[in-house]
Amino acid sequence: MKTIRLLYPDYVSGGLEQYFLGANLMSCILPENENQPIIKVEIKPPEGKEKLVIDGIYGKDEVIAGINNAMEKIEKENPDKIITIGGNCLVSQAPFDYLHGKYNDLGIIWIDAHPDVSTINDGYPNAHAMVLGSLMGHGDNALSGLMKNEKFKADEILYIGLQEIHDYQKNFLEKTGIDYKIQTEAFLSDREILAFMGRFENIAVHFDIDVLDAKFFHSTYFANPDLIGDGSGGGKMTLDKLEDILHCITENSNVVGFTIAEYLPFDEYKLHKIFSEIPIFTE
């Protein structure tokens, strides 16, 4: 079995340069494993310049180029399993699409405070909020049209950690038939998670850092009071609860894909900017 680590530091889809540093730092946080080569998606480092919104998508050309390059790199490696190190949530599109082509019997567990099913008609141009809708074949064809394999069905998706959602997101979930539960008071039980996994031979896990409670974990979007995004709220999960959930998933299923997304090391980014202005580091 071949496992690769796909380093995919896309920051454009989320509109924040910190995602780029976050992905690269996360690659150092993960335990070392010489049997899992790191494959890098070609993403140009941030230059401090705003991108254009084209056809309702911020930085559309760069977003599409990243997805295409990711799929190209994955297909060349032909792995059995993929650990995707983002970047923002959009980084799951290419690896999950590829894995769905390799494993027809594949369920997605989406650990996230948000449903990620927005479209260009919902007034929020950052594509990281569109990725799961795209994986289902909905939303803008510029994204979903890049998929090479069968689209995911509503009953192949399980949300863990989902918080209050906007009306347009609720309408999408109900129209497409995704069985979801708002988890502001309690998260899904192990029994519910096991029941979902029991229907599939293989599982792909998408873990968005912003499912974590910003009061206890500060490298998440909602730890920065200056950011409002699309107006959604942050997650409620503790690290202890995350650990329990991940053990439940990984000890009771065959996980072939695992994405870590939306790590935002704001303090470390500030240090990076300071050092970038010191001559001895740049001369």
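Because the structure is a prediction, the values reported are computed rather than measured.

Visitor: Just checking my understanding: could you explain the sheet that holds strand β5 (residues 81-86) for this structure?
Guide: What links the strands of a sheet is backbone hydrogen bonding, and the strands pair in either a parallel or an antiparallel sense. Within the open sheet, the seven strands sit side by side as β2-β1-β5-β9-β8-β6-β7. Their pairing is parallel. Edge positions in the sheet fall to β2 (38-40) and β7 (157-160), since each of these pairs with one other strand and no more. Between one strand axis and the next, the sheet turns by 15° as a mean value, whatever way the strands run. Bridge analysis of strand β8 (residues 202-208) against strand β9 (residues 255-261) gives six bridges, and the strand direction is parallel. The residue of β9 that forms the bridge with Asp208 is Ala261.

Visitor: Help me understand the pattern of salt bridges, please; the structure alone is not making it clear to me.
Guide: When charged atoms on two side chains of opposite charge get close, those side chains can pair. Using the criterion set out here, one finds nine salt bridges in the structure. When the shortest N-O distance is used, the salt bridge between Lys73 and Glu42 registers 3.5 Å. One end of the pair, Lys73, is in helix α2 (residues 60-77); the other, Glu42, is in the loop between β2 and β3 (53-54), and 31 residues separate them in sequence. Under the relative-accessibility criterion, Lys73 is labelled buried at 17%. Judged by relative accessible area, Glu42 falls into the exposed class, the value being 58%. Of the charged contacts, one joins Asp55 and Lys60 as a salt bridge, the two residues approaching to 2.7 Å between their closest N and O atoms.

Visitor: Where do I start with α2 in this structure?
Guide: Working note: α-helix, 3.6 residues per turn, so residues spaced by three or four point in the same direction. Taking 1.5 Å per residue as the helical rise, α2 with its 18 residues ought to reach 26 Å, and the 26 Å between its terminal C-alpha atoms agrees with that figure. All of the buried residues in α2 are Lys60, Val63, Ile64, Gly66, Ile67, Asn69, Ala70, Met71, Lys73 and Ile74. Positive phi shows up at Asn78, right after α2, with a value of about 50°.

Visitor: It is not clear to me how the environment of Gly56 should be interpreted in this structure. Could you clarify?
Guide: Tracing the sequence through the fold places Gly56 in the loop between β3 and β4 (57-58). Distance in space between the C-alpha atoms of Gly56 and Ala214 is 29 Å, their sequence separation being 158 residues. Gly56 has contacts with Ile120, Pro125 and Met130, leaving out every residue within four places of it along the chain.

Visitor: Which parts of the structure should I look at to understand the packing of α2 against helix α3 (residues 93-102)?
Guide: Packed helices, taken two at a time, are described by the angle between their axes plus the distance between the axes. Two numbers describe how α2 lies on α3: the axes approach to 8 Å, and their chain directions differ by 40°. In terms of orientation, α2 and α3 fall into the oblique class. The element α2 and its partner α3 pack so that their crossing is right-handed. Of the residues in α3, those touching α2 at Ile67, Ala70, Met71, Ile74 and Glu75 are Gln93, Ala94, Pro95, Asp97 and Tyr98. Of the residues that constitute the contact of α2 with α3, the class distribution is seven nonpolar, one polar and two charged.

Visitor: Is there a simple way to think about the packing of helix α7 (residues 190-197) against helix α8 (residues 239-250) in this case?
Guide: Interaxial distance between α7 and α8 falls to 10 Å at its minimum, and their mutual angle equals 30°. Between α7 and α8, the angle is such that the two are roughly parallel. Here the hand of the crossing between α7 and α8 comes out right-handed. Mapping the contact onto sequence places Asp190, Ile193, Leu194 and Met197 in α7 and Ile245, Cys248 and Ile249 in α8. In terms of residue class, the contact of α7 with α8 is made up of six nonpolar, no polar and one charged.

Visitor: Would you take a moment to explain a nonpolar patch on the surface for this structure?
Guide: On the surface, a nonpolar cluster with roughly 610 Å² of combined accessible area is contributed by Leu271, Ile274, Phe275, Ile278, Ile280 and Phe281. Mapped by element, the contributors of at least two residues to the nonpolar patch are α9 (266-276) and α10 (279-282). The leading source of residues in the nonpolar patch is α9, at three residues. Looking at the secondary structure, you find Leu271 in helix α9.

Visitor: Explain the environment of Gly86 here, please?
Guide: Relative to the assigned elements, Gly86 resides in strand β5. Note: C-alpha distance between Gly86 and Ile67 (19 residues apart in sequence) is 12 Å. Here Gly86 is in contact with Tyr8, Gly22, Ala23, Val91 and Ile260, once residues within four sequence places are set aside.

Visitor: Just checking my understanding: could you explain unusual backbone geometry for this structure?
Guide: Most of the time, phi is negative for any residue but glycine, and the peptide bond is trans. Its identity as a non-glycine residue notwithstanding, Asp55 has a phi of 55°, on the positive side. Residue position: Asp55 is located in the loop between β3 and β4. A positive phi is found at Asp116, a non-glycine position, where the angle reads about 55°. Tracing the backbone shows Asp116 in the loop between β6 (106-111) and α4 (131-135). For Asp116, a relative accessible area of 6% translates into the label buried.

About the criteria used
- Residues numbered from 1 in each chain as written.
- Predicted model: local features only at pLDDT ≥ 70, side-chain atom pairs only at ≥ 80, totals over all residues.
- Heavy atoms only, no water.
- Pairing = 2+ DSSP bridges.
- Helix = DSSP H or I, 4+ residues; strand = E, 2+ residues; numbered from the N terminus.
- Axes fitted to C-alpha atoms, helices over the stretch in contact; angles between N-to-C directions.
- Salt bridge = Lys/Arg side-chain N within 4 Å of Asp/Glu carboxyl O.
- Buried < 20%, exposed > 50% of the residue type's maximum accessible area, 1.4 Å probe, protein only.
- Expected span 1.5 Å × (residues − 1).
- Contact = heavy atoms within 4.5 Å.
- Parallel < 35°, antiparallel > 145°, perpendicular 65-115°, else oblique.
- Left-handed = near helix turned anticlockwise from the far one by under 90°.
- Nonpolar A, V, L, I, M, F, W, Y, C, P; charged D, E, K, R; others polar.
- Patch = residues over 30% accessible without salt bridge, like charges linked within 9 Å, V, L, I, M, F, W, Y side chains within 5 Å.
- Areas by Shrake-Rupley, 256 points an atom, 1.4 Å probe, with all protein chains shown as cover.

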